[in-house]
Structures are given as C-alpha cells and as structure tokens.
Amino acid sequence: MFIQLYEEKYMRFPEGKAKALTLSYDDGVQADIRLLKIFNKHGLKGAFNLNSKLFDCAEWHGRMDEEQTLKTFCECGQEIALHGARHIFLDKAPLAEGVKEVADNRAYLEDKFGTIVRGMAYAYGAFNADIKRVLKDLGVAYARTTVSSHSFAVPDDWLELNPTCHHTEAEFARFADEFFSSSPQDAPKHREPWLFYVWGHSFEFDDYDNWNVIEDFAARAEKHADSVWFATNIQIYEYVKAYEALVFSFDGERVYNPSAIPVWLELRGKIYRLDGGKETVFGK
C-alpha cells in the first residue's frame, strides 16, 4: 500500500470507535413514551425536539400536555432540543418573529428542564439564510433539516444538519445493513468516521402499525455497542468540535488537545487517546 495512506489522520469516536449512531424525534407526542423506553432499554441516544406553546393540541398527532411533557422528558436520559415554540415555518415568518419563536422555545425548555439547550430541529424542515445566520447568536449549536443525505459523513455545516435518512424511507434497512456489517476501517483509504443519523416522528409507528421497525433496529444496534458510539446529537457536535480544535506541530508528529475532554485519533493504523489539556507525541 502506498505509504502516504498511512500518514492520514482520522478522527475516531470515544474508545477509538470508527462509527457513531444518533437519532432525532420531533414534536413531544404520546408515542414518545414508548420510544423512550425502547431507546433506554437498548442504550440508544438521541434528541427529542419539543415545542413549548402547543400543549393544548392533543388532536395534532397526540401531543402531550405540559404536565405530561415535563414528567416524560425530565431526566429521561436523552437530549432535549428545540423545535420552535409554535412549530411554524421559519422561512415564511418575518425574521423578528422567527427569532422570537426560537428564543421563547429555548428560554422555556431551559427553565423547565434546568439545563442548557443548544440543539434544534427545524419545524417542517423550513429555514432560510436569515434565520440560519442568527441561530448562532441565539445560542443554537446545530439545527437538523429534513433533507436526507443518504450518507454516513460527519456534517460540516451544523446549522444545516442533514440526517442520513428518515426511518420510513425504503433505504433505511439498507443503510442499517451497511452500517452494522461494515466499517470505514475496512477500507484502504477514505477511512473517515461514519455517523448514522436517523430521524422521524414516533407517532408514525402508530400510524403504520410498525413499531417492530424501531424495536428490531434498536435490538440490532445494541449488539454492536462494542464498535458503535451511541450518543445524543449535542454529544456528537461537542466531540467533533473538540477534535477540530486539536493543535498539531508543524511536522504533524505532535498534537495538543486544548479541550476539556479526551478525543481519539487514528494514525498509521494505531489509535491514540488524546487527553484534554495535554500534548501527545505520535509513536511514543
């Protein structure tokens, strides 16, 4: 093999894993209770994207009331993220109204759940350049779209975060087969890490009477816990940003990790753990 391939540095997820799995489900509906139990039973992690001014809309896909929402998602073991206060089309609202929609949603969720909320899923997948531009100023780290990338690539535009696929897509089963049966480490080159990002609405499992789709997927995923990092959306974001902050020496043989968390890197077929606040010399 051409020696230059061995000189490429590849991000690896915690414990040196080359693959990560995360999920994202919208709206805060009754069916989320069952989905949460499936996630927690099998160790899956994801984001539940909640509105904050639609608690009296049970007829809209079985949305929970306020009391049940707080009871269900408080200390649920998953990420709580934004979905707009009223689930409006952000691309059709005046910018000031769009800003208020996001700000009100964030203020409410942070107050009620006692945590910092930095993730978001665009309601209807709708956004425009103006709202995307101001999200960072509103403290939003990432915002998920509804556009399938049909890829395991780690995103490079976190405010236009395209998931791999929706769980109702015909390709979902094929992507699951590929993800669990293969690895970027099997390739002689292009060994970049894989991120399988699945999204949807839990009420769709009721609508199609196919809860077995997510139950079987979760059970299968659990069998690969030794090679796949199960993480929330914000954990993926924070980890990737920590990796991107690494400072390399001019010759690339020494690296400093300025972040507070350890990150992992593969070089010349060897996995290195790079502890926060420390320098590492490759080969030693």
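One can find the structure itself at the top, above this paragraph.
Residues numbered from 1 in each chain as written. Predicted model: local features only at pLDDT ≥ 70, side-chain atom pairs only at ≥ 80, totals over all residues. Heavy atoms only, no water.

**Student:** Which parts of the structure should I look at to understand the sheet that holds strand 14 (residues 278-281)?
**Tutor:** Read across the open sheet, the three strands follow the order 10-11-14; overall the sheet is antiparallel. Unpaired on one side and paired on the other, strand 10 (247-248) and strand 14 mark the two borders of the sheet. With two bridges joining them, strand 10 and strand 11 (residues 254-257) adopt antiparallel strand pairing. Looking at strand 11, one finds that V247 is bridged to Y256. (Pairing = 2+ DSSP bridges. Helix = DSSP H or I, 4+ residues; strand = E, 2+ residues; numbered from the N terminus.)

**Student:** Could you clarify how one ought to interpret empty space enclosed by the protein in this entry?
**Tutor:** All chains considered together, the criterion is met by one cavity of 30 Å³ or more. Of the voids in this model, the largest cavity is the one considered here, and its volume is about 80 Å³. Lining the largest cavity are D27, G28, L50, N51, S52, K53, L54, F55, R63, M64 and T69. Looking at side-chain class alone, the lining of the largest cavity contains four nonpolar, four polar and three charged residues. (1 Å grid on protein atoms, 1.4 Å probe; cavity = no way out; pocket = protein on both sides within 12 Å on 5 of 7 lines; lining within 4 Å. Points joined across faces, edges and corners; volume = space filled by probe spheres on them. Nonpolar A, V, L, I, M, F, W, Y, C, P; charged D, E, K, R; others polar.)

**Student:** So what exactly am I meant to see when it comes to the nonpolar core here?
**Tutor:** L21, F196 and F217 are the most contacted members of the largest nonpolar core, which totals 54 residues. Residues within four places of L21 in sequence aside, it is in contact with L44, K45, F179, F196, V198, F217, A221, V228, W229, F230 and A231. Counting 30 residues, the second-largest nonpolar core is a separate cluster that includes Y142, W158, Y243 and Y272. (Core = buried A, V, L, I, M, F, W, Y, C linked by side-chain atoms within 4.5 Å. Buried < 20%, exposed > 50% of the residue type's maximum accessible area, 1.4 Å probe, protein only. Contact = heavy atoms within 4.5 Å.)

**Student:** Whenever I open this one, a negative patch on the surface confuses me. Can you help?
**Tutor:** On the surface, a cluster of negative charge is made up of D56, E59, D65, E66 and E67. With respect to the helices and strands, the residue E67 is situated in helix 2 (residues 66-73). E67 gets classed as exposed once you look at its relative accessible area, which sits at 66%. (Patch = residues over 30% accessible without salt bridge, like charges linked within 9 Å, V, L, I, M, F, W, Y side chains within 5 Å. Areas by Shrake-Rupley, 256 points an atom, 1.4 Å probe, with all protein chains shown as cover. Salt bridge = Lys/Arg side-chain N within 4 Å of Asp/Glu carboxyl O. Lys, Arg positive; Asp, Glu negative; His and termini not counted. Charge placed at Lys NZ, Arg CZ, Asp CG, Glu CD.)

**Student:** Help me understand the layout of surface pockets, please; the structure alone is not making it clear to me.
**Tutor:** Think of a ball as big as a water molecule: rolled over the atoms, this probe shows where empty space is left. Taken as a whole, the largest pocket encloses approximately 260 Å³ of empty space. Every residue lining the largest pocket is counted, 15 residues in all, and those nearest its centre are Q78, E79, I80, T115 and I116. Listed by contribution, the elements that provide at least two residues to the lining of the largest pocket are strand 4 (79-82) and helix 8 (233-244). Considered class by class, the residues forming the lining of the largest pocket number eight nonpolar, three polar and four charged.

**Student:** Before we go on, may I ask you to explain the packing of aromatic side chains in this structure?
**Tutor:** To describe a pair of aromatic rings, one takes the distance between the centres and the angle between the planes. Per the counting criterion, the structure on display carries 24 aromatic pairs. Centre to centre, the rings of Y122 and F127 are 4.4 Å apart; their planes meet at 20°, and the pair counts as stacked. In this structure Y122 comes out as buried when scored by relative accessible area, which is 0%. Residues F179 and W194 carry aromatic rings whose centres are separated by 6.4 Å and whose planes lie at 35° to one another, so their mutual orientation is tilted. Of this pair, F179 sits in helix 5 (residues 171-181) while W194 sits in strand 8 (residues 194-200); the two residues are 15 residues apart in sequence, bridging distant segments of the chain. In textbook terms, an aromatic cluster arises when at least three aromatic residues are bridged by ring pairs, as seen for F152, F172, F175, F179, F180, W194, F196 and F217. One Lys or Arg, K92, reaches over the ring of F89 and ends 5.9 Å from the middle of that ring. Stacked on the ring of F175, the Lys or Arg R174 has its end atom at 4.6 Å from the ring centre. (Phe/Tyr/Trp six-rings, centres within 6.5 Å; stacked < 30°, edge-to-face > 60°. Lys NZ or Arg CZ within 6 Å of the ring centre and 35° of its normal.)

**Student:** Please explain the sheet that holds strand 1 (residues 9-12) as it appears in this structure.
**Tutor:** Taken together, three strands build an open sheet; the order of strands is 1-12-13 and the sheet is antiparallel. Of all the strands in the sheet, just strand 1 and strand 13 (270-274) have a single pairing partner and so form its edges. Within the sheet, the average angular offset between the axes of one strand and its neighbour, ignoring direction, is 30°. The sheet contact formed by strand 12 (residues 263-267) and strand 13 spans five bridges and is antiparallel. Paired with L265 across the two strands is Y272, which belongs to strand 13. (Axes fitted to C-alpha atoms, helices over the stretch in contact; angles between N-to-C directions.)

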